[in-house]
Amino acid sequence: MYYFNEKEIVVPGQLLADDPKKSGPGTYVLDGKVYAAHAGLPKLRDGVVVVIPLKGPYKPEAGDWIVGVVTDVKPSSIEVDLGGYMTAVLKYPERQGPPEGLTVGDVIYARVKSSNIRGVFLESEEMKKLTNGIIISMTPARIPRLIGRKGSMIALLKKETGCNFWVGRNGLIVVSGKSSEGESAAISAIRVVEKEAHSQGLTDRVAALLKSAKGRNHDDREQGDKAN
Amino acid sequence: MMTESKEIKLIDEEGRRVDGRKPDELRPIRIEAGVLEKSDGSAYIEVGRTKIFAAVFGPREVHPKHLELPDRAVLNCRYHMASFSVDERKPLGMTRREIELSKVLREALETVVFLEEFPRTMIDVFVEVIQADGGTRTAGITAASLALADAGIPMSDLIAATAVGKVAGTLVLDINDIEDKYGEADMPVAMTPRRNSIVLLQLNGRMTSEELKKALEMASQGIKKIYQLQIEALKKRYSVVSLEE
């Protein structure tokens with residue numbers, strides 16, 4: 001038995017289901033019943049009840065890809081800032097030196113190896129140092145929307161702007177493209193996704209926005225040519 | 001003021017209170033969530049002439065570092081009254097009363113927030129009283145819990161609070177400043193409305209055990225009404241997000 005409507009926002013403490021086995025992310029169990037742990041949109045996903053947050057802090061989980069900034073290099077580990085409130089640790093063998101010659105201030109794209117009471121640890125094999133691009137931040141809760149279903153949104157952005165994207169679950173994104181027009185179009189599209197994350201037909205609107213941005217750039221160039 | 005106090009009739013012949021309310025009537029309440037741009041979560045509450053902002057920051061890095069806990073987040077709470085919030089200018093800085101109320105508010109909020117989800121971090125809650133007319137701690141905690149929910153911090157329930165007082169021998173709900181000053185008792189109560197558990201209970205003055213029971217019942221009725229307003233504010237806040245076109 002479920003006690004929610006998928007279109008209606010739930011508040012913390014709201015009863016969602018009777019069966020404690022149905023408790024998914026964003027819910028908690030008390031006395032055999034499932035309640036919402038934060039405000040958001042309730043969904044039945046893979047047989048469990050989840051509450052999709054509309055806003056909120058990032059909780060690292062093993063397997064998440066993140067974008068971080070190196071804040072400290074120690075003899076056998078590197079500290080990585082995950083957007084202001086959390087530091088992750090990347091361990092490496094001492095005799096090899098820091099991977100890819102990382103120093104303080106470098107931006108990396110890496111995978112979370114484990115996250116528990118001992119801290120957040122990153123996978124050192126799959127780490128990538130990002131050498132150029134623009135780093136921007138958005139609400140971590142809306143990153144899934146930016147990626148889209150099976151990566152559809154990010155694929156669209158890639159196609160339309162010609163930029164490369166490294167999207168971190170922690171809310172940091174690196175955009176790197178050949179032209180500054182492409183990059184600024186990509187950033188404005190990301191801002192639209194962040195603002196309108198939970199509205200209908202978002203993909204179409206983003207596509208239209210990118211098309212018009214492209215057209216505008218094109219027109220500008222033509223006019224510039226004529227003036228010359 | 002002292003000569004005036006003897007003339008003040010806290011309950012008139014018709015059973016109405018100084019501001020014309022019935023004994024079990026709340027003051028007009030306005031609650032809003034997400035009012036401050038720079039904070040992670042915020043709320044504003046108006047209870048009669050009492051006006052309070054609450055802002056939440058975090059989870060973020062613990063400062064000073066030695067307060068960090070390895071297994072859960074640290075909840076830091078600051079209740080503060082603006083200098084201009086009371087009749088006579090309040091000197092700057094935290095008074096003894098404000099430090100105590102910060103602690104009381106923190107202990108109440110700690111019971112609902114899932115602090116163990118964010119080890120080694122700190123959640124800051126700021127409760128700023130802009131205008132005070134009695135019931136600031138209860139209104140403050142109501143706003144603070146809403147600000148936490150607005151910040152998306154996991155919690156088991158919201159907290160709503162109100163005070164019950166005894167003036168001229170009658171129990172009255174949601175007492176204001178005059179009733180607090182010249183009444184016989186003041187009892188702030190904070191509850192988690194869904195499970196009806198009391199997270200804050202103080203009593204200043206005297207009540208018989210029957211009166212206390214009745215006062216708790218009155219408070220719980222008032223809290224239910226405040227809770228509905230909290231839910232409304234939270235849903236309104238998020239429906240703006242989801243309907244933005």
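Conventions used here
- Residues numbered from 1 in each chain as written.
- Chains lettered and ligands numbered in written order.
- Predicted model: local features only at pLDDT ≥ 70, side-chain atom pairs only at ≥ 80, totals over all residues.
- Heavy atoms only, no water.
- Helix = DSSP H or I, 4+ residues; strand = E, 2+ residues; numbered from the N terminus.
- Rg over C-alpha atoms; globule rule 2.2 N^0.38 Å.
- Buried < 20%, exposed > 50% of the residue type's maximum accessible area, 1.4 Å probe, protein only.
- Contact = heavy atoms within 4.5 Å.
- Areas by Shrake-Rupley, 256 points an atom, 1.4 Å probe, with all protein chains shown as cover.
- Lys, Arg positive; Asp, Glu negative; His and termini not counted.
- Charge placed at Lys NZ, Arg CZ, Asp CG, Glu CD.
- Buried area = accessible area lost by both parts, 1.4 Å probe.
- Salt bridge = Lys/Arg side-chain N within 4 Å of Asp/Glu carboxyl O.
- Polar contact = N/O pair within 3.5 Å; in protein donor to acceptor, adjacent residues only side chain to side chain.
- Core = buried A, V, L, I, M, F, W, Y, C linked by side-chain atoms within 4.5 Å.
- Phe/Tyr/Trp six-rings, centres within 6.5 Å; stacked < 30°, edge-to-face > 60°.
- Lys NZ or Arg CZ within 6 Å of the ring centre and 35° of its normal.
- Pairing = 2+ DSSP bridges.
- Axes fitted to C-alpha atoms, helices over the stretch in contact; angles between N-to-C directions.
- pLDDT = per-residue confidence, 0-100.

J.: Got a minute to help me understand the overall build of chain B in this structure?
T.: When its secondary structure is counted, chain B shows five helices and ten strands. Scaling as 2.2 N^0.38, a compact globule of 245 residues should have a C-alpha radius of gyration of about 18 Å, and chain B matches this with 18 Å. By principal-axis analysis of the C-alpha atoms, chain B measures approximately 55 × 40 × 35 Å. In chain B, which comprises 245 residues, the proportion classed as buried is 51%. Long-range contacts, defined as pairs at least 24 residues apart, comprise 66% of the intrachain contacts of chain B with a sequence gap of at least 6. For chain B, the exposed area adds up to about 11700 Å²; of that, 52% sits on carbon and sulfur atoms. The average position of the 35 basic charges and that of the 40 acidic charges among the side chains of chain B differ by 2 Å.

J.: Just to check I follow, could you spell out the interface of chain A and chain B for this structure?
T.: It is common to report an interface's size as the accessible area lost on association of the parts. The partner chain B presents 35 residues to the 31 residues of chain A that form the contact. Approximately 2700 Å² of surface area, both sides summed, lies buried where chain A meets chain B, with 59% of it carried by carbon and sulfur atoms. Here chain A and chain B share three salt bridges between them. The residue K55 of chain A makes a salt bridge to D150 of chain B at a minimum N-O spacing of 3.4 Å. Where chain A touches chain B, the interface holds seven residue pairs in polar contact (both at pLDDT 80 or more). Mapped onto the side of chain A that touches chain B, the elements with two or more residues apiece are β2 (27-30) and β3 (33-36) of chain A.

J.: Before we go on, may I ask you to explain the nonpolar core in this structure?
T.: Across soluble globular proteins, nonpolar side chains have a tendency to be buried as a group. With 69 residues, the main nonpolar core has L109, I123, V125, I141 and L148 of chain B as its most contacted residues. The dominant element in this core, judged by the number of residues it contributes, is helix α5 (residues 209-243) of chain B, at ten residues. Filtering out sequence-adjacent residues up to four positions away, I123 of chain B remains in contact with V56, F57, P59, A73, V74, L75, N76, V113, L115, L148 and I153 of chain B. Counting 25 residues, the second largest nonpolar core, distinct from the first, contains M138, V175, V206 and A213 of chain A.

J.: In this structure, what is going on with the packing of aromatic side chains? I would like to understand it.
T.: Any two aromatic rings considered together are summarised by their centre-to-centre distance and by the angle between their planes. In total, this model carries six aromatic pairs over all chains according to the counting rule given. Considering the side-chain rings of Y2 of chain A and F4 of chain A, the 6.0 Å spacing of their centres and the 65° angle between planes classify their relative orientation as edge-to-face. Taking relative accessible area as the criterion, Y2 of chain A reaches 32% and is therefore assigned partly exposed. The exposure class assigned to F4 of chain A is buried, which follows from its relative accessible area of 18%. Considering the side-chain rings of Y28 of chain A and Y35 of chain A, the 5.6 Å spacing of their centres and the 25° angle between planes classify their relative orientation as stacked. We classify Y28 of chain A as buried; its relative accessible area is 10%. By relative accessible area, which is 13% here, Y35 of chain A ends up buried. Here the aromatic residues Y28 and Y35 of chain A together with F114 of chain B are joined through ring pairs into a cluster of three or more. Seen from the ring of Y35 of chain A, R195 of chain B lies directly overhead, with NZ or CZ sitting 4.9 Å from the centre.

J.: Hey, could you run me through the sheet that holds β2 of chain A in this one?
T.: Backbone hydrogen bonds are what pair the strands of a sheet, in a parallel or an antiparallel way. All names here are of chain A. A sheet is described by the order of its strands in space; here three strands give the open sequence β1-β3-β2, paired in antiparallel fashion. Edge positions in the sheet fall to β1 (15-17) and β2, since each of these pairs with one other strand and no more. Taken over all neighbouring pairs, the strand axes of this sheet differ in orientation by 45° on average, direction set aside. Note that β1 and β3 share two bridges and pair antiparallel. The residue of β3 that forms the bridge with A17 is V34.

J.: Whenever I open this one, the environment of V112 of chain A confuses me. Can you help?
T.: All names here are of chain A. Mapped onto the elements, V112 comes out in strand β9 (residues 107-116). Its relative accessible area of 1% is what places V112 among the buried residues. With 57 residues separating them in the primary sequence, V112 and K55 have C-alpha atoms 22 Å apart. For V112, the contacting residues outside a window of four places in its chain are Y58, E61, A62, G63, D64, I66, V120, F121 and L122.

J.: Before we go on, may I ask you to explain the side chain of N170 of chain A in this structure?
T.: Residue and element names in this part refer to chain A. Of note, N170 is situated in the loop between β13 (164-167) and β14 (172-176). Reaching out from N170, the side chain makes a polar contact with the backbone oxygen of V67 at a distance of 2.6 Å. For N170, the residues in contact, after removing those within four places along its chain, are Y58, I66, V67, L82, G83 and P140.

J.: Explanation requested: the environment of A147 of chain B in the structure shown.
T.: Residue and element names in this part refer to chain B. For A147, the position within the fold is in helix α3 (residues 136-150). Judged by relative accessible area, which is 0%, A147 ranks as buried. A sequence separation of 115 residues divides A147 from E32, and the C-alpha atoms of the two residues are 9.4 Å apart. Setting aside chain neighbours within four positions, we find A147 in contact with G41, S42, A43, A54 and V56.

J.: Looking at this structure, I do not really get the side chain of D174 of chain B. What am I missing?
T.: All names here are of chain B. Inspection of the secondary structure assignment puts D174 in the loop between β7 (170-173) and α4 (177-182). By relative accessible area, which is 4% here, D174 ends up buried. Residues contacting D174, with those up to four places away along its chain left out, are R17, R21, E25, L26, R27, V47, T162, A163 and E179.

J.: Would you explain the confidence of the model for chain A in this entry?
T.: Low-pLDDT portions of the prediction should not be read for the details of their coordinates. Residue and element names in this part refer to chain A. Mean pLDDT for chain A: 87, with 93% of residues reaching 70 or above. Highest mean pLDDT in chain A belongs to β3 (95); lowest belongs to helix α4 (residues 202-227) (66). Below pLDDT 50 for its whole length, residues 224-228 participates in zero contacts with residues either more than four positions away or in separate chains.

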